[in-house]
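# Structure assessment
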Amino acid sequence: MGNLRQIYYSIVISLLCFGLTILLRVCHPTRHRLWMNVIKFLGKWWWNFSQRFRSIILAAPHSDEPFRHEGADTAPTSQLSIDDIKTKLYETCTSTLDRHAQIISLSRSTVSTPEVDRCRDIHAKTECEEESTQIKNDKFLSFIKSTNASNKVPVFYQKLIVYDSRNAFKNPIRQALATNGPKIRLNSLAIVEKLRPVRPLVLCRPGKSVIAAQEFLSVNTIQTMYAVKANDNALLLSTLWHTGIHRFEVASIFEIKDILHSLPSHSAPSLCFMNPVKPQEDIRSAYFDYNVRAFALQSESELEKIVRATFKDNQEAQDLELFVRLLVSSGHAKLNLNTKFGIEGLPAIRLLQRLKREGRKIGVCFHVGSQVTDSSGYTHAIREAHQLLTQAEVQVRFLSVGGGFGVTYPGNEAPSVTECLEVIIKACQEYFKEADMEILCEPGRALSAKSESLVVRVEERRGQELYINAGCYHILYDAGNLKWRFEVKLLRAMTSDAEIREFVFWGPTCDSLDYMPGPFLLPEDVREGDYLEIMNTGAYGRVLASRFNGLGEHGLLIVDDHSE
């Protein structure tokens, strides 16, 4: 109905413009070209206005902020239990999902009413849009509240509808998990058996994030900043916030916007812009629009850029917290991150001394590398930072030891978070025992890796090679480009007694570089059509995914089997 009405109005306006053009040409033959240009402009304006007005009307029921919740606590404590946090997340998501489910169910109705027609238009518009909200990006969104001790299916399941814009998943979850059906455990196997997904399926586990965050928060002497670049999923950011992590390390203005979009509307997170090289426009926006006061730098030119960007009313900003990025040894980690950022020696001393002369709030930061394999790497880095500060005769207010906190993968062992934090505290007490400074850390992988797993389907088997429907161009970047191994589970109702063998994976693209050598351990009888769950893919997976070959679509579900 809306489309017909718009076509009708457009025809009428076009006829009026045409008639007015003929009339003006007869009355004013010398000026008819000028009037024709004016009429063309008005016609284009009408068309653009009608399109904009229609999109606003159709988009009205959608929520652009699915995770904002006006009633959320502004200062949650780290003492909340996992159940409390999941309840908060459930409350923030329910209203949005109810509206979305109503739109979808009405769009599938055969009844013709103005309201149903409007919902059909919204549904069709949602299918072809790729906006920034969680529902539109992931195409398939269902938030599942955990089962209770008696293993009953909560009433909330009855409201949910499985939604995918390309109809990859056609079974409504309210039918698959109806209360009059069997009482099932909602883990990855149960979901796969009911949905039989065609596309890769990301399983989110907020409980894993809570456990990881609480391990960092248990050490009060070190403040934790989550490195958003590891995983910017709104659900993860909201979970960490409700757990008690209120500081976030960002690398771009877009990550700042993502955080504020994902957290409760009245929250006031502490944001640190720790990219040492930034556009001046982003610095200015971060400072004036988003209240960011902490910035990293590695040169005097970057310092001058920060000063210019925060200059206002003929006065320099006096509340800046400036972190000098130091170059330290990185021999105790899988990935060396010192080739791009960091300064040492005389340039570092000169920059520190200039900050001291100008009366700045000074901090230093460094990065010992990603996926630390030996916790003593923090000790070496802290000692090097102390030696440089001693030579510069500068005392700092902040010391950020960066990230590097790892997760254990097959063949890739990492020390525990508790061990690393204890080593950091001991080193700081030894080298900065008289310093009055705040110690910070920037974990990314350690807080996000276990929060997600990836369910894939075997499309073909060729000997010990498995062709799966996800690869290193999508979510399995580390498996392909870094050649890291991951724990893989065979999702099959009947447990396989076959011998465990080594396999390699090929991704779904036409590129021969889409290869993951593993080896990945699976039963020998794995075959085409089997589903596999690749564990601990939450870090640097979806954030590095692309749409190469038009692929990259995936589903998203929340499960509650974190205790398994």
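Reading the values: rules and limits
- Along each chain, numbering runs from 1 in the same order as the chain's sequence is written.
- Only residues with pLDDT of 70 or above have their local features reported here, since the model is predicted, and side-chain atom pairs are shown and tallied only from 80 upward, although totals for entire chains, interfaces and linings are computed over all residues.
- Here the side-chain values reflect all heavy atoms present in the structure, with hydrogen atoms and water set aside.
- A run of DSSP states H or I qualifies as a helix once it reaches four residues; a run of E qualifies as a strand once it reaches two. Both are numbered from the N-terminal end.
- Think of it in three bands: with a 1.4 Å probe and only protein chains considered, a residue is buried below 20% of the maximum accessible area for its type, exposed above 50%, and partly exposed in between.
- Computed with the Shrake-Rupley method and a 1.4 Å probe, the accessible areas treat only the protein chains shown as cover for residues.
- Put simply, a disulfide is two cysteine sulfurs that come within 2.5 Å.
- To qualify as a nonpolar core, a set must consist of buried Ala, Val, Leu, Ile, Met, Phe, Trp, Tyr and Cys residues joined through side-chain atoms within 4.5 Å.
- Either an automatic procedure or a domain database provided the assignment from which the domain bounds are taken.
- Contact criterion: two residues are considered in contact whenever any of their non-hydrogen atoms come within 4.5 Å of each other.
- Pairing between two strands requires that DSSP report at least two bridges joining them.
- For helices, the fitted axis covers only the stretch in contact; all axes are lines through C-alpha atoms, and the angles between them, taken along N-to-C directions, range from 0 to 180 degrees.
- Salt bridges are defined as contacts in which a side-chain nitrogen from Lys or Arg sits within 4 Å of a carboxyl oxygen from Asp or Glu.
- A residue's pLDDT is the confidence the predictor assigns to it, expressed on a 0 to 100 scale.

## A look at the overall build of the protein chain
Looking only at helices and strands, the protein chain features 17 helices and 19 strands. Each of the 564 residues in the protein chain was classed as buried or not, and the buried ones make up 51%. With an accessible surface of roughly 26900 Å², the protein chain has 52% of that area assigned to carbon and sulfur atoms.

## Comments concerning the state of the cysteines
Applying the stated criterion across every chain yields a total of zero disulfides. Just so you know, Cys365 is unpaired, no disulfide at all, and the nearest cysteine sulfur is the one on Cys272, 9.7 Å from it.

## Some details on the nonpolar core
Counting residues in hydrophobic clusters, the biggest one holds 106 residues, and the most contacted among them are Tyr226, Phe295, Ile468, Phe505 and Leu532. Among the elements that line this core, the one with the most residues is helix H15 (residues 417-431), at eight residues. Looking at this core, you find at least three residues from each of domain 1 (206-447) and domain 2 (452-558). Not counting chain neighbours up to four residues away, the residues in contact with Phe505 comprise Leu466, Ile468, Val488, Asp514, Tyr515, Met516, Phe520, Leu522, Leu532 and Ile534. Core analysis: the second largest hydrophobic core is formed by 10 residues, Leu195, Val455, Leu491 and Leu557 among them.

## Observations regarding the sheet that holds strand S6 (residues 294-297)
Taken in spatial order, the eight strands line up as S3-S4-S5-S6-S7-S9-S11-S12 and close into a barrel, and their pairing is parallel. If you compare each strand with its neighbour and ignore which way they point, the axes differ by 25 degrees on average. Here strand S7 (residues 321-325) runs beside strand S9 (residues 361-365); their pairing, made up of five bridges, is parallel. Looking at the pairing, Leu322 lines up with Ile362 of S9. Packed onto the sheet, helix H12 (residues 300-309) meets S6 and S7 and runs at close to 150 degrees relative to S6.

## Comments concerning the pattern of salt bridges
When the charged atoms of two side chains lie near each other, side chains of opposite charge can form a pair. Applying the stated criterion across every chain yields a total of 21 salt bridges. Put simply, Glu304 and Arg354 hold a salt bridge, and the shortest N to O gap is 3.4 Å. Of this pair, Glu304 sits in helix H12 while Arg354 sits in helix H13 (residues 345-357), and the two are 50 residues apart along the sequence. Looking at Glu304, the relative accessible area reads 35%, which means it is partly exposed. Exposure remark for Arg354: the relative accessible area of 16% places this residue in the buried category. Via salt bridges that share partners, Glu300, Glu304, Glu316, Arg354, Glu358 and Arg360 belong to a single interconnected network.

## Describing the confidence of the model for the protein chain
Mean pLDDT over the protein chain works out to 75, with 67% of the residues at or above the 70 mark. Scored below 50 in pLDDT, residues 90-116 shows 49 contacts in the model against residues more than four places distant or in partner chains. With pLDDT under 50 throughout, residues 122-185 is counted as low confidence; its partners more than four residues away or in other chains account for 153 contacts.

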